[in-house]
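Given next are the chains, with one letter for each unit.
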There are 2 protein chains.
Amino acid sequence: MNPRALHKISYGLYIVSSIKGDKINGQIANALIQITSEPQTIAVSINKTNLTHEYMTQSHVCTISVLNQDTPMPFIGTFGFKSGRNINKFQDVNYKAGVTKAPIVLDNTLAYIEARIIDKVNVETHTIFIGKVEDAEILSQEKPMTYEYYHQVKGGFSPKTAPTYSRIMDQKSKKEI
Amino acid sequence: MNPRALHKISYGLYIVSSIKGDKINGQIANALIQITSEPQTIAVSINKTNLTHEYMTQSHVCTISVLNQDTPMPFIGTFGFKSGRNINKFQDVNYKAGVTKAPIVLDNTLAYIEARIIDKVNVETHTIFIGKVEDAEILSQEKPMTYEYYHQVKGGFSPKTAPTYSRIMDQKSKKEI
């Protein structure tokens, strides 16, 4: 058994945002797939301890921003390694309210998807949120950031709350893989 | 609303295989994600009309073969565009039985994952199968095939039963995108 085999699954890199009353938050996610095409539905895996999880559970809406390949690391750091419980992640970020009222991050975003949550599944540390697509737009023809590019080219890490987090350390580069 | 925005989601390309009694089958899938890391769980979206869906529903096991970037199109065609109801897809393919007894396709495979299905979710035309990883191995350090590479470089199509199937046609290339 080699648990690293699961690192061979391919992903993109996204910001999943949601709303709760007058509060908004968003976080980096990679575990996102389309489930059906007619109607269009998606699924995303979110850690139960994350603030965005709380907001999605309460408001039943979320937005997905598809990040482009040139997204700067500090931007990913703000949404991926900090908590909305401590900072306002949207302070210096361009965003708009979507048809669901949830915020859509526009910086470094080549496309977005808005979804209304129609089901959720409890899986150990995470919840799979299943959403029906309410709106979706392409903003540019830039290349999407892949999770592999983020790790290999940008030298990025996975936070402990990621579905793909691994305690295994790469002894060559001394960083998590 | 631009439904093509969902094409900006990144995926790999996999063969999902299963077993029912002494019968085996497998199919191409792209909508696969890891859900949790401790324990390792995965989720995959499978069309309800597919034979592999029937086998997974009955045996509660499946294997995932992560395809490499050089996987030939006829091989993908056999597993992606033909039905195990009409042909034996494994006839000229190297495979082995896993710890779950489900077949693991080895040709063009750089890593594999075996899972026992612990939950499933009904979403319109598809079922999301959630599996606990029972075994996993890396077979080579080749590059994984991405869904984008399959479409852009290899000129591949999506079958009608794919989560990402679209009726939209690209007018420039006259093929489905």
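Residues numbered from 1 in each chain as written. Chains lettered and ligands numbered in written order. Predicted model: local features only at pLDDT ≥ 70, side-chain atom pairs only at ≥ 80, totals over all residues. Heavy atoms only, no water.

## Describing the sheet that holds strand β3 (residues 32–37) of chain A
Residues and elements named next belong to chain A. With respect to topology, seven strands assemble into an open sheet ordered β2-β1-β5-β8-β9-β4-β3, the strand pairing being antiparallel. Edge strands, defined here as strands with exactly one partner in the open sheet, are β2 (23–29) and β3. Neighbour-to-neighbour, the strand axes of the sheet open up by a mean angle of 30°, direction not taken into account. Looking at chain direction, strand β1 (residues 14–20) and β2 are connected through seven bridges and run antiparallel. By the bridge assignment for β2, I19 is matched with I24. Across the sheet, helix α1 (residues 51–59) is in contact with β1, β2, β4 (40–47), β5 (61–67), β8 (109–123) and β9 (126–138); its angle to β1 comes to roughly 55°. Relative to β2, helix α2 (residues 73–81) is tilted by about 110°, and along the sheet it contacts β1, β2 and β5. (Pairing = 2+ DSSP bridges. Helix = DSSP H or I, 4+ residues; strand = E, 2+ residues; numbered from the N terminus. Axes fitted to C-alpha atoms, helices over the stretch in contact; angles between N-to-C directions. Contact = heavy atoms within 4.5 Å.)

## Quick notes on the environment of I87(A)
Residue and element names in this part refer to chain A. Examined against the element boundaries, I87 turns out to sit in the loop between α2 and β6 (95–97). Residues I87 and S140, spaced 53 residues apart in sequence, show a C-alpha to C-alpha distance of 29 Å. Among all residues touching I87, those that are not within four sequence positions of it are T78 and K82.

## So, the sheet that holds strand β9 (residues 126–138) of chain B
Residues and elements named next belong to chain B. With antiparallel pairing, the seven strands of this open sheet are ordered in space as β2-β1-β5-β8-β9-β4-β3. Across the chains shown, the open sheet's two edge strands, defined by having one partner strand only, are β2 (23–29) and β3 (32–37). Neighbour to neighbour, the strand axes of the sheet diverge by 30° on average, direction disregarded. Relative to strand β8 (residues 109–123), strand β5 (residues 61–67) runs antiparallel, the two being bridged by seven bridges. Within β8, the position partnered with V61 by the bridge is R116. Helix α1 (residues 51–59) rests against β1 (14–20), β2, β4 (40–47), β5, β8 and β9 of the sheet, and its axis sits at about 55° to β1. The sheet strands contacting helix α2 (residues 73–81) are β1, β2 and β5, and the helix crosses β2 at an angle near 110°.

## Looking at the nonpolar core
Counting 88 residues, the largest nonpolar core has I128(A) and I128(B) as its most contacted members. Each residue touching I128(A), except ones within four places of it in the same chain, is listed here: A43(A), V44(A), S45(A), D119(A), K120(A), V121(A), V123(A), I35(B), A43(B) and I130(B). (Core = buried A, V, L, I, M, F, W, Y, C linked by side-chain atoms within 4.5 Å. Buried < 20%, exposed > 50% of the residue type's maximum accessible area, 1.4 Å probe, protein only.)

## Quick look at α2(A)
Every buried residue of α2(A) is listed here: F75(A), I76(A), G77(A), F79(A) and G80(A). Residues of α2(A) that are buried make contact with β1, β2, β5, β7 (103–105) and α3 (147–152) of chain A.

## A look at the packing of aromatic side chains
Applying the stated criterion across every chain yields a total of ten aromatic pairs over all chains. Taken together, the ring pairs in this structure connect F75(A), F79(A), F90(A) and Y95(A) into an aromatic cluster. (Phe/Tyr/Trp six-rings, centres within 6.5 Å; stacked < 30°, edge-to-face > 60°.)

## Quick notes on the confidence of the model for chain A
All names here are of chain A. Chain-level pLDDT for chain A is 92 on average; 94% of the residues reach the 70-or-more range. When the criterion is pLDDT under 50, residues 169–177 qualifies, and its contacts beyond four places in sequence or with other chains add up to 18 contacts. Model confidence for the complex is summarised by a pTM of 0.92, with the ipTM given as 0.92. (pLDDT = per-residue confidence, 0-100.)

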